[in-house]
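The lines below spell out each chain.
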Number of protein chains: 2
Amino acid sequence: MAGGGHGGDEVILLDLKVSMFGMRVRVALAEKGIEYEYREENLAQKSQLLLEMNPIHKKLPVLIHKGNPIVESLVIVQYIDEVWRDKKPLLMPSEPYQRAQARFWGDFITKKVYEVGRRVWVTKGEQQEKAKKELIEILKTLEGELGDKAYFGGEEFGFVDVALISFYPWFHAYETCADFKVEAECPKLVEWGKRCMARESVAKSTADPQEVYEFVQSMKLVVGID
Amino acid sequence: MAGGGHGGDEVILLDLKVSMFGMRVRVALAEKGIEYEYREENLAQKSQLLLEMNPIHKKLPVLIHKGNPIVESLVIVQYIDEVWRDKKPLLMPSEPYQRAQARFWGDFITKKVYEVGRRVWVTKGEQQEKAKKELIEILKTLEGELGDKAYFGGEEFGFVDVALISFYPWFHAYETCADFKVEAECPKLVEWGKRCMARESVAKSTADPQEVYEFVQSMKLVVGID
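Quick caveat, the model's predicted, so the values are computed rather than measured.

Trainee: Tell me about the interface of chain B and chain A, and please be specific about residues and values.
Mentor: The partner chain A presents 27 residues to the 27 residues of chain B that form the contact. With both sides pooled, the region where chain B packs onto chain A buries about 2,500 Å², and carbon together with sulfur makes up 66% of that total. Applying the counting rule to chain B against chain A returns six salt bridges. Between A:Arg99 and B:Glu82 there is a salt bridge whose closest N-O contact spans 2.8 Å. At the junction of chain B with chain A, the criterion picks out eight residue pairs in polar contact (both at pLDDT 80 or more). Of all the secondary-structure elements, those providing two or more residues to the side of chain B that touches chain A are β4 (68-71), α3 (73-83) and α4 (96-122) of chain B. For the side of chain B that touches chain A, the residue count by class is 15 nonpolar, five polar and seven charged.

Trainee: Give a detailed account of the relation of the copies chain B and chain A, specifying residues and quantitative values.
Mentor: In the superposition of chain B on chain A (RMSD 0.0 Å, axial shift 0.0 Å), the rotation amounts to 180°. Expressed as a symmetry operation, the mapping of one chain copy onto the other fits a two-fold axis. If distances are taken from each C-alpha of chain B to the rotation axis, the shortest is found for B:Asp107, at 5.1 Å. Most of the interface of chain B is mirrored in chain A: 100% of its interface residues are interface residues there too.

Trainee: Requested: an account of the domain arrangement of chain A, with residues and values cited.
Mentor: Residues and elements named next belong to chain A. In terms of domain boundaries, chain A breaks down into domain 1 (7-83) and domain 2 (96-223). Taking only C-alpha atoms, the centre of domain 1 and the centre of domain 2 are 21 Å apart. At the interface, 15 residues of domain 1 touch 26 residues of domain 2. Carbon and sulfur atoms supply 71% of the area buried between domain 1 and domain 2, which totals about 1,800 Å² over both sides. Between domain 1 and domain 2 we count two salt bridges in total. Here Glu31 ties to Arg199 by a salt bridge, and the two come within 2.9 Å at their closest N and O atoms. Counting across the interface, domain 1 meets domain 2 through nine residue pairs in polar contact (both at pLDDT 80 or more). For the side of domain 1 that touches domain 2, the secondary-structure elements that each account for two or more residues are α1 (20-32) and α3 (73-83). Per-element accounting of the side of domain 1 that touches domain 2 gives the leading share, eight residues, to α1. A breakdown of the residues in the side of domain 1 that touches domain 2 according to their chemical character gives 10 nonpolar, one polar and four charged.

Here is what the cut-offs are and how they apply
- Residues numbered from 1 in each chain as written.
- Chains lettered and ligands numbered in written order.
- Predicted model: local features only at pLDDT ≥ 70, side-chain atom pairs only at ≥ 80, totals over all residues.
- Heavy atoms only, no water.
- Contact = heavy atoms within 4.5 Å.
- Buried area = accessible area lost by both parts, 1.4 Å probe.
- Salt bridge = Lys/Arg side-chain N within 4 Å of Asp/Glu carboxyl O.
- Polar contact = N/O pair within 3.5 Å; in protein donor to acceptor, adjacent residues only side chain to side chain.
- Helix = DSSP H or I, 4+ residues; strand = E, 2+ residues; numbered from the N terminus.
- Nonpolar A, V, L, I, M, F, W, Y, C, P; charged D, E, K, R; others polar.
- Least-squares fit on C-alpha atoms with pLDDT ≥ 70 in both.
- Domains from an automatic or database assignment.

Rendered as structure tokens:
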């Protein structure tokens, strides 16, 4: 990760509208009320700036702040929370054990929901059936962790909510590809999703489910699945 | 993750001597001078306590502090740094951009060195040759990030050093299984490894390379590789 430290105070986000990882960063920036320049990338032809700013992974999203690149979505969310710690809300809890739990669940969501969710739409037949069952198990685990709380951290929208809400617009694509309804399996999790979507910060920072579904359909063509 | 919050101030570590993830936690505890009860687990027969304390992943290491379980090695290291922040050294840098970089590299090491290193010893022939080349590339990337600094964060031993030094005792097993020398490829990284090993906290918290090699040999039998 290079980074000259130039570039004044400006905040630039290299991103892709439907990216669940990008949505996390957009939600965090919106929650804090940070102005930034949004630059949509083209996966088929990544910009020179993206390749320079994220030479290791060449992946989105990349936040560029004062000329310095920050990558990996939950690293970026923590960075935003720490740099603008005077701006409410604080996304990370203040108590070390709660922070550790938040990081654990953030990591769990990144690894499990992403990877199993991907298998739900790239596979077919038996493999898809298996992936669907796994995804439902994962979502039930998350619903169990949510319990009767309004948000994962309690009464306030926070880090784990940011980590997971970015997958909510993907539910429609998962459901349509594998013929099931998350709401029938995890009604409380869907209630939580709606509660989050009612926040202006979340509503304006997340992609439309239909747009995500169309992206998935176009990606299926690219990877050769009908 | 359950956690009753009982158990006084005691610190218990459920661990496996040769685990690179466990070694991270032991190094962090040793750096801070925290006393703890070490409990060696048996992978073939995990303890009831482990299953209760890490029901999601059932993996090691697990730190139990005041009766609360904390899992995922780098989550634990950050927890240790935050709970005992009055004890020097501070492993995480204080500046948000440096913290983001530390988290990025910690994550990179966890994903890449572990996964590719594993392929170096579980595969043979062409696959092993490919894994070896990949591992060398990854180590060169890390050596490039180290540059001419004494430690990854600069003059002081810190978070990224903790994340990576736990793989250093594994180099011997990688080298022996795939017939190469890390020192010939990445001399500065090996110098850094020796520098870290000269710290008492690291020396006393890490497994012997021969012991790691023997563990790898026994695991090969378990997974059916001669």
